[in-house]
Amino acid sequence: MIYESFDDEVESLPDEHYMRLAMQQAQAALEVDEVPVGAIIVWQNRVIAAAHNQREQLNDPTAHAEILAITQATQIVNDWRLENCTMYVTLEPCLMCAGAILQARISRLVFGARDAKAGAVESLYQVLQDPRLNHRVEITSGVLSEPCGQILTRFFQEKRRMGKK
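First, a word on scope: everything that follows refers to the structure included in this document. Source: prediction; values computed, not measured. (Residues numbered from 1 in each chain as written. Predicted model: local features only at pLDDT ≥ 70, side-chain atom pairs only at ≥ 80, totals over all residues. Heavy atoms only, no water.)

Let's shift gears to helix α5 (residues 145-163). With 19 residues, α5 should reach 27 Å at 1.5 Å per residue; the first-to-last C-alpha distance of 27 Å fits that figure. In the core, the buried residues of α5 are packed alongside α1 (15-31), β3 (85-91) and β4 (108-113). (Helix = DSSP H or I, 4+ residues; strand = E, 2+ residues; numbered from the N terminus. Expected span 1.5 Å × (residues − 1). Contact = heavy atoms within 4.5 Å.)

The following block contains the structure:
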């Protein structure tokens, strides 16, 4: 967990730095046998939320890293609007999470690996840029995409291997 980073004020750092923090969250998910996706939210150059998938642990289909991080961040800023925040997530958000990002009014999204089967930012849908909606999100994709994708690939390969035994 990177919760100790919550109080560390830093100058603006490159996207790769923050994505590595999100990757630490993905690793934490892997260690508890959750799909290894991690997310952090940065506000005023500070990490204010960090989460990983917890669907199995919480027995909750909505317990995606993005949703959990949004909930944490709204408590820190004491507002449901996360304007001027950037979310870093290791995997392209699904439709549910993209909707939550819109509803939270997050200004910017940075993600690592694309999700050809469920991605709602670039792959299957482009929800965050839909001109029919009242909010749009600045998007940066592909940041550390290879290591972000590798942890997922290894996780699912192991699940398939274990299923064959």
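Attention now goes to the packing of aromatic side chains. Applying the stated criterion to the full structure yields two aromatic pairs. For the pair Tyr-18 and Tyr-88, a centre-to-centre distance of 5.1 Å together with 35° between the ring planes defines the contact as tilted. Pair noted here: Tyr-18 is in helix α1 and Tyr-88 is in strand β3, with a separation of 70 residues, a long-range link. Using a relative accessible area of 3% as the deciding quantity, one classes Tyr-18 as buried. By relative accessible area, which is 3% here, Tyr-88 ends up buried. Relative to Phe-156, the ring of Phe-155 lies with its centre 5.0 Å away and its plane at 80°, an arrangement referred to as edge-to-face. By relative accessible area, which is 7% here, Phe-155 ends up buried. (Phe/Tyr/Trp six-rings, centres within 6.5 Å; stacked < 30°, edge-to-face > 60°. Buried < 20%, exposed > 50% of the residue type's maximum accessible area, 1.4 Å probe, protein only.)

To continue, consider the sheet that holds β3. Here five strands make up an open sheet; going across it, the order is β2-β1-β3-β4-β5 and the pairing mixed. Both outer strands of the open sheet, β2 (46-52) and β5 (138-141), are each paired with one neighbouring strand and no more. Direction aside, the axes of adjacent strands within the sheet are offset by 15° on average. Sheet analysis places strand β1 (residues 38-43) next to β2, joined by six bridges and oriented antiparallel. If you follow Val-42 over to β2, its bridge partner there is Val-47. Across the sheet, α5 lies against β3 and β4, angled at about 60° from β4, the strand it touches most. (Pairing = 2+ DSSP bridges. Axes fitted to C-alpha atoms, helices over the stretch in contact; angles between N-to-C directions.)

Turning our attention to the nonpolar core. With 49 residues, the main nonpolar core has Ile-40, Ile-41, Ile-70 and Leu-109 as its most contacted residues. Put simply, the parts of the chain that give this core at least two residues each are α1, β1, β2, α3 (65-77), β3, α4 (95-103), β4 and α5. (Core = buried A, V, L, I, M, F, W, Y, C linked by side-chain atoms within 4.5 Å.)

As for its placement among the helices and strands, Leu-95 is situated in helix α4. In the structure, Leu-95 is positioned 63 residues away from Glu-158 in sequence and 26 Å away in space, judged by C-alpha atoms. Excluding residues that lie within four positions of it along the chain, Leu-95 makes contacts with Ala-118, Ala-120, Tyr-125 and Val-127.

This next bit is on the packing of α1 against α5. Here α1 crosses α5 at 10°, and the two axes come no closer than 10 Å. Considering the angle they form, α1 stands roughly parallel to α5. Between α1, through Met-19, Met-23, Ala-26, Gln-27 and Leu-30, and α5, the contact on the second element is made entirely by Pro-147, Cys-148, Ile-151 and Phe-155. Broken down by class, the residue content of the contact of α1 with α5 amounts to eight nonpolar, one polar and no charged. (Parallel < 35°, antiparallel > 145°, perpendicular 65-115°, else oblique. Nonpolar A, V, L, I, M, F, W, Y, C, P; charged D, E, K, R; others polar.)

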